[in-house]
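If you want the building blocks of each chain, they are given just below.
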Amino acid sequence: MRQWLAALLLLVAADAIAARALTLPQYIGELQSIHAALTTNQFANAQILAQQLRGATIAQPRFDADDALLLDVIHTKSRNLPLEARLASTIAELRSAISGKPAATDAKLLERLAKEQEAVKLPAGGNVPGVAISNEEWIERLADSIAKAWRWLWDKIEKIVDWILDFLPNRHADKPGATSGLRWMVGALVALIVIVIAVLAFEVIRRSRAAKPEVIETSEPLGSTRDEDPLSRGVNEWERYAAQLAAAGRIREAIRAWYHAVLVTLYAAGILHFRKGRTNWEYIAALAPSLPWRAEFIALTRRFEREWYGADESSHDALDECSDAARRIIESVRRTSRGAA
């Protein structure tokens, strides 16, 4: 009975704590305490603080405590450097919301995104990706295949000749002229076949050397599992992938690819900071009102969510509208970044 009463009291206390309202500085202080506990290996204290902070409401601006972040803290059993980095980034963003100054740029994220945006140099020689075959090896394989085909053909011809000779009467064996004439006919037929094969082989080789290799643009297969993660590709890769999806008639996915291209551009510029589980509207809330393209990004987000979540199919007009808006935002961010540099 006492155990049930204790459990009931704990639940009531937890509900009371979860329902509390905090100011933004208080919320930042709680997160700092959790961060300090994690960095000093006091995981039990960090878990208790995170559990107490769950469900709290922060006023001015009004939002709820990051439950996904707090659950990760509760489930951690050892040092987790990415989790500590997320906590530090969240604290920095919240401080910038108070001071009005932008949070520090994540240099490692910018470096990784810059590498992803570099166009992959295609290997010279026109070989199929994944199959390293030089021109000399290709010619050797072709010659070997022709030689094997000729040996097989010659073997069959010899068997046919023997089969025909078996039908001749035994008395013809005493007449070398008849057998010799038949052998001349068979030899002429074999020579004709050889000439035809040689001509065909020569024509194949001539055309293969004269033909210009087609430029093949490789990419991730359409419908890749990477499509849901904006950081799975760089800006240039998302733009190329959007063009491929549009050419395949997958308009809704092409619109999403353009939206991801904008998000990756904002991550690389340090304007937004990626956090798993964060919604598009939470990203918009983190944007400074002074940004000239903020209103257009809001309109693009609204159109993207309407097409992605509210429609089974999208039109080419919707794709044109989203791609044009995405290009304008990307170019505006790039100009600002070049000017700041």
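The structure reproduced in this document is the subject of the present report.

## Comments concerning the packing of aromatic side chains
Right, on to step 1. Counted by the stated rule, this structure contains nine aromatic pairs.
Right, on to step 2. Ring centres 6.2 Å apart and planes at 55° place the aromatic pair Trp238 and Tyr241 in the tilted group. Here Trp238 pairs with Tyr241, and both are found in helix 9 (residues 235-247), just three residues apart, close to one helical turn. Summarising the burial analysis for this pair, Trp238 and Tyr241 share the class buried.
Right, on to step 3. Taking the centre distance of 5.8 Å and the plane angle of 10° together, the rings of Tyr259 and Phe297 count as stacked. Taken together, the residues span a long stretch of sequence, with Tyr259 in helix 10 (residues 251-268) and Phe297 in helix 12 (residues 294-310) at a distance of 38 residues. Here the two residues Tyr259 and Phe297 agree in accessibility, since each one is buried.
Right, on to step 4. Between the NZ or CZ atom of Arg233 and the centre of the ring of Trp238, over which it lies, the distance is 4.8 Å.
Right, on to step 5. Across the ring face of Tyr241, the terminal group of Arg233 is positioned such that the distance to the ring centre comes to 4.1 Å.

## Here's the deal with helix 10
Right, on to step 1. Taking 1.5 Å of rise per residue, the 18 residues of helix 10 would be expected to cover 26 Å, and the 26 Å separating its terminal C-alpha atoms lies within 8% of that figure.
Right, on to step 2. Within helix 10, 16 of the 18 residues are buried, which leaves it mostly tucked inside the rest of the structure.
Right, on to step 3. Count one or two residues on from helix 10 and you reach Gly270, which has phi positive near 80°.

## Notes on the packing of helix 3 (residues 43-53) against helix 4 (residues 67-75)
Right, on to step 1. For the pair helix 3 and helix 4, interaxial distance at closest approach is 8 Å and the crossing angle is 150°. On the basis of the axis angle, helix 3 is roughly antiparallel to helix 4. Read as a crossing pair, helix 3 and helix 4 show a hand that is left-handed. Only Leu70, Val73 and Ile74 of helix 4 make contact with helix 3, whose side of the interface consists of Ala46, Gln47, Ala50, Gln51 and Leu53.
Right, on to step 2. Classifying every residue of the contact of helix 3 with helix 4 gives six nonpolar, two polar and no charged.

## What about unusual backbone geometry?
Right, on to step 1. The phi dihedral of Asn41 falls on the positive side, at around 65°, and the residue is not glycine.
Right, on to step 2. For Asn41, the position within the fold is in the loop between helix 2 (24-39) and helix 3.
Right, on to step 3. Residue class for Asn41 comes out partly exposed when judged on its relative accessible area of 43%.

## Thoughts on the environment of Leu81
Right, on to step 1. Inspection of the secondary structure puts Leu81 in helix 5 (residues 81-99).
Right, on to step 2. The class of Leu81 is exposed, set by a relative accessible area of 57%.
Right, on to step 3. Considered as a pair, Leu81 and Thr39 are 42 residues apart in the sequence and their alpha carbons are 8.8 Å apart.

## Here we look at the nonpolar core
Right, on to step 1. Membership of the largest hydrophobic core comes to 36 residues, with the highest contact counts inside it found for Val262, Phe297 and Leu300.
Right, on to step 2. Here this core takes twelve residues from helix 10, the largest share from any one element.
Right, on to step 3. Not counting residues up to four positions away in its chain, the partners in contact with Val262 are Phe297, Leu300, Ala326, Ile329 and Ile330.

About the thresholds
- Residues numbered from 1 in each chain as written.
- Predicted model: local features only at pLDDT ≥ 70, side-chain atom pairs only at ≥ 80, totals over all residues.
- Heavy atoms only, no water.
- Phe/Tyr/Trp six-rings, centres within 6.5 Å; stacked < 30°, edge-to-face > 60°.
- Helix = DSSP H or I, 4+ residues; strand = E, 2+ residues; numbered from the N terminus.
- Buried < 20%, exposed > 50% of the residue type's maximum accessible area, 1.4 Å probe, protein only.
- Lys NZ or Arg CZ within 6 Å of the ring centre and 35° of its normal.
- Expected span 1.5 Å × (residues − 1).
- Axes fitted to C-alpha atoms, helices over the stretch in contact; angles between N-to-C directions.
- Parallel < 35°, antiparallel > 145°, perpendicular 65-115°, else oblique.
- Left-handed = near helix turned anticlockwise from the far one by under 90°.
- Contact = heavy atoms within 4.5 Å.
- Nonpolar A, V, L, I, M, F, W, Y, C, P; charged D, E, K, R; others polar.
- Core = buried A, V, L, I, M, F, W, Y, C linked by side-chain atoms within 4.5 Å.

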